[in-house]
Amino acid sequence: KAFDENDLKALAQFAELASIAIDNARLYASAQGEIAERRRTEEALRSSEARYRSMITAMAEGVLLYNARGQITASNEKARQLLGMTDLQLLGQTPDDMAARYIREDGSTFPGAEHPASVTLRTGKAQSNVVMGIRAPDGSTSWISLNSQSVSEGEPGTRSVVTSFSDITESKQA
């Protein structure tokens, strides 16, 4: 039997539907590949973050991360110990907020604007071996040597600052 016009229309519609199904299958396979790649990337990111956190936790130095507004966004245990503050007490603090606790070697107040984190945020230049005292609530003073380094946050012109510091109280007193 010869195909009539209705048969040809039905075959054309079938061919179009088959083409759509094939395209959908290709899109599905592509999406599955992208999902698998995203999962691998997320797992690699989680693994990298876990290594980073382990490394920072194990450090003998205190580490603070400041955002572009100069607020503390992360700290390690040694930083909290040296500063005598909890994580919740530190989060959101700026060098200006804590300036009353910081002193220079001559005993004068160390202004927040001159704190190495503030200087690095403002200028982009790293600061090294800045000595400052930290007054504890009990009146005692601990001494630290502090370094700061600018860290790019991905967006052009946006940066944060990481500071690291070590306790030099014993050598300062000697």
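Above: the structure in question.
What you are looking at is a predicted structure, and each value in this text was computed from that prediction instead of being measured.

How each quantity is defined
- Residues numbered from 1 in each chain as written.
- Predicted model: local features only at pLDDT ≥ 70, side-chain atom pairs only at ≥ 80, totals over all residues.
- Heavy atoms only, no water.
- Helix = DSSP H or I, 4+ residues; strand = E, 2+ residues; numbered from the N terminus.
- Polar contact = N/O pair within 3.5 Å; in protein donor to acceptor, adjacent residues only side chain to side chain.
- Contact = heavy atoms within 4.5 Å.
- Buried < 20%, exposed > 50% of the residue type's maximum accessible area, 1.4 Å probe, protein only.

A. Structural view of the side chain of serine 75. Looking at the secondary structure, you find serine 75 in strand S2 (residues 72–75). Polar side-chain contacts of serine 75 include one of 3.0 Å to the side chain of aspartate 87. Setting aside chain neighbours within four positions, we find serine 75 in contact with Val63, Leu64, Arg80, Asp87 and Leu90.

B. Fine view of helix H5 (residues 116–123). For H5, the buried fraction is high: six of the eight residues fall into the buried class. Regarding H5, the residues found buried are Pro116, Ala117, Ser118, Val119, Thr120 and Leu121. Looking at the packing, one finds that the buried side of H5 touches strand S1 (62–66), helix H4 (95–98), strand S4 (127–135), strand S5 (141–152) and strand S6 (159–167).

C. Just the environment of serine 152, in detail. Among the structural elements, serine 152 can be located in strand S5. Separated by 84 residues in sequence, serine 152 and alanine 68 place their C-alpha atoms 9.7 Å apart.

D. Representation of the environment of isoleucine 168 in the model. Within the element layout of this structure, isoleucine 168 appears in the loop between S6 and helix H6 (169–173). Remark: the alpha-carbon pair of isoleucine 168 and isoleucine 144, spanning 24 residues in sequence, is separated by 5.2 Å. Among all residues touching isoleucine 168, those that are not within four sequence positions of it are Val131, Trp143, Ile144 and Ser145.

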